[in-house]
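# Summary of the model geometry
Here is how the chains run, residue by residue.
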Amino acid sequence: METRAEKIARLQSILAQPSSIAPLTANQKRGFDAARLARLDTLKELEKADKADKADKAIADKALADNAMTYQENNKSTVSSTLGNALSTAGDIVVSAGDAAAHIPTPGSIATPLIILLVFFLALIPIAGNTRLKWLWLVVTGNADMASGVASGDIKRASATTNSTNPSTSPPSFVGIIPYMSLEV
Amino acid sequence: MSAIQFFTAWLLMILLLAMVSSTEWGKSIVYYTLWLAVILLLVTHTEELKTLMPQKAYALNG
């Protein structure tokens with residue numbers, strides 16, 4: 001076991017020896033600097049290449065993921081998409097038909113046929129010899145019998161009409177303004 | 001059918017026609033439906049309408 005003193009003495013003897021390391025010359029320094037710079041450039045290039053590889057890998061991974069998503073979407077059931085397309089087409093047809101109907105002209109407005117129908121129902125179509133308006137007037141003035149449908153003020157015409165008509169036909173109805181279909185031939 | 005049923009049916013039909021005519025696409029449909037009703041009325045009540053014309057008119061027109 002070396003003592004402390006012996007250790008110190010040994011180290012001092014080593015330090016006392018002449019150094020074998022010689023100072024570097026200028027050329028050696030330039031060589032070492034060039035080598036260090038070359039190593040630094042190599043390291044930078046390696047880092048750049050590594051970054052490029054990583055970027056390429058990220059792009060490739062994204063493309064693979066997109067392709068996988070597209071593949072999955074294309075292979076989904078087409079029934080729902082077809083049904084949706086059919087419904088939308090049907091809706092478009094209905095809307096276009098509605099638009100076409102809206103552009104159809106209506107000369108004279110809706111009141112024209114309504115007024116014509118009203119005039120026909122009440123004043124022009126005779127029922128059992130008299131029009132509805134006339135029957136109404138006869139009932140109001142007390143000259144008509146609602147049960148038999150005969151006007152007392154126009155007995156001849158009414159009786160002739162009732163004799164000529166089919167007995168199975170019903171008497172004129174005073175309920176509402178329902179048109180009376182004649183069964184005469 | 002009773003009178004009430006007739007009245008109810010007529011009122012419902014009139015209400016439906018009024019609602020349809022209030023729309024843009026329904027106005028023309030109701031308009032031409034009413035004209036069709038006028039034509040049908042004329043066709044079905046031809047004999048009654050003939051009584052409105054005097055006999056002389058029939059004689060002159062053959």
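Structure report, in brief. Per-chain numbering applies: the sequence of each chain, read as written, is numbered from 1 onward. For naming, the first written chain is A and the first written ligand is 1, with later ones following in the order written. Residues qualify for local features only when their pLDDT is at least 70, as the model is predicted, and side-chain atom pairs are given and counted only at 80 or more; totals for whole chains, interfaces and linings, by contrast, use all residues. Here the side-chain values reflect all heavy atoms present in the structure, with hydrogen atoms and water set aside.

### With respect to the overall build of chain A
The test is simple: Numbering goes from the N terminus for both helices and strands, where a helix is a DSSP run of H or I of at least four residues and a strand is a run of E of at least two. Think of it in three bands: with a 1.4 Å probe and only protein chains considered, a residue is buried below 20% of the maximum accessible area for its type, exposed above 50%, and partly exposed in between. Here, residues are in contact when the closest pair of their heavy atoms is within 4.5 Å. What sets the accessible areas is the Shrake-Rupley method with a 1.4 Å probe; for residues, cover comes only from the shown protein chains.
A count of helical and extended segments in chain A gives six helices and four strands. Mapped in sequence order, the helices and strands of chain A form the string α-α-α-α-β-β-α-β-β-α. Within the span of chain A, comprising 185 residues, buried residues form 14% of the whole. Considering only contacts within chain A whose residues lie at least 6 apart along the sequence, 34% involve residues at least 24 apart. Surface accessibility of chain A: about 14,300 Å² in total, with carbon and sulfur atoms responsible for 65%.

### Observations concerning the interface of chain A and chain B
Stated precisely, the cut-off is as follows: Throughout, the accessible surface (probe 1.4 Å) given up by two parts as they are put together, summed over both, is called the buried area. Put simply, a salt bridge is a Lys or Arg side-chain nitrogen that is within 4 Å of an Asp or Glu carboxyl oxygen.
The partner chain B presents 24 residues to the 26 residues of chain A that form the contact. For the pair chain A and chain B, the two sides together bury roughly 2,300 Å², of which 82% comes from carbon and sulfur. At the surface where chain A touches chain B, the tally comes to zero salt bridges. At the level of elements, helix H3 (79-102) and helix H4 (111-124) of chain A are the ones that each hand at least two residues to the side of chain A that touches chain B.

### Looking at unusual backbone geometry
Where the residue is not glycine, phi is negative for most of them; where a peptide bond is considered, it is trans in most cases. Residues and elements named next belong to chain A. Of note, the phi angle at Ser109 is positive, near 65°, even though the residue is not glycine. Position of Ser109 among the secondary structure elements: in the loop between H3 and H4. Relative accessible area serves as the criterion here: at 33%, Ser109 is assigned to the partly exposed category.

### What about the nonpolar core?
Heads up, the rule is: Residue types Ala, Val, Leu, Ile, Met, Phe, Trp, Tyr and Cys, when buried and joined through side-chain atoms within 4.5 Å, form a set referred to as a nonpolar core.
In terms of nonpolar packing, the biggest core is built from 15 residues, with Ile110, Leu117, Phe120, Ile125 and Trp135 of chain A together with Leu34 and Leu41 of chain B touching the most fellow members. The set of elements that each furnish at least two residues to this core consists of H4 and helix H5 (132-141) of chain A together with helix H2 (24-44) of chain B. The greatest single-element share of this core, amounting to five residues, is contributed by H2 of chain B. Look past the residues within four positions of Leu34 of chain B in its chain and what remains in contact with it is Ile110, Pro113, Leu114 and Leu117 of chain A.

### Section: the packing of aromatic side chains
Keep this limit in mind: Under the pairing criterion, centres of Phe, Tyr and Trp rings, with the six-membered ring standing for Trp, must be within 6.5 Å; the plane angle then separates stacked pairs below 30 degrees from edge-to-face pairs above 60, leaving the rest tilted.
With the rule as written, the count across this model stands at three aromatic pairs over all chains. Judged by centre distance (6.5 Å) and plane angle (90°), the rings of Phe121 of chain A and Trp10 of chain B are edge-to-face. In this pair, Phe121 of chain A sits in helix H4 while Trp10 of chain B sits in helix H1 (residues 3-21), so the two residues belong to two different chains. Given the relative accessible area of 11%, Phe121 of chain A is considered buried. Arranged with centres 6.3 Å apart and planes meeting at 75°, the rings of Tyr31 of chain B and Trp35 of chain B form a pair that is edge-to-face. Here Tyr31 of chain B pairs with Trp35 of chain B, and both are found in helix H2, just four residues apart, close to one helical turn. Among the residues examined, Trp35 of chain B registers a relative accessible area of 26% and is labelled partly exposed. One aromatic cluster is present, built from ring pairs that chain together Tyr31, Tyr32 and Trp35 of chain B.

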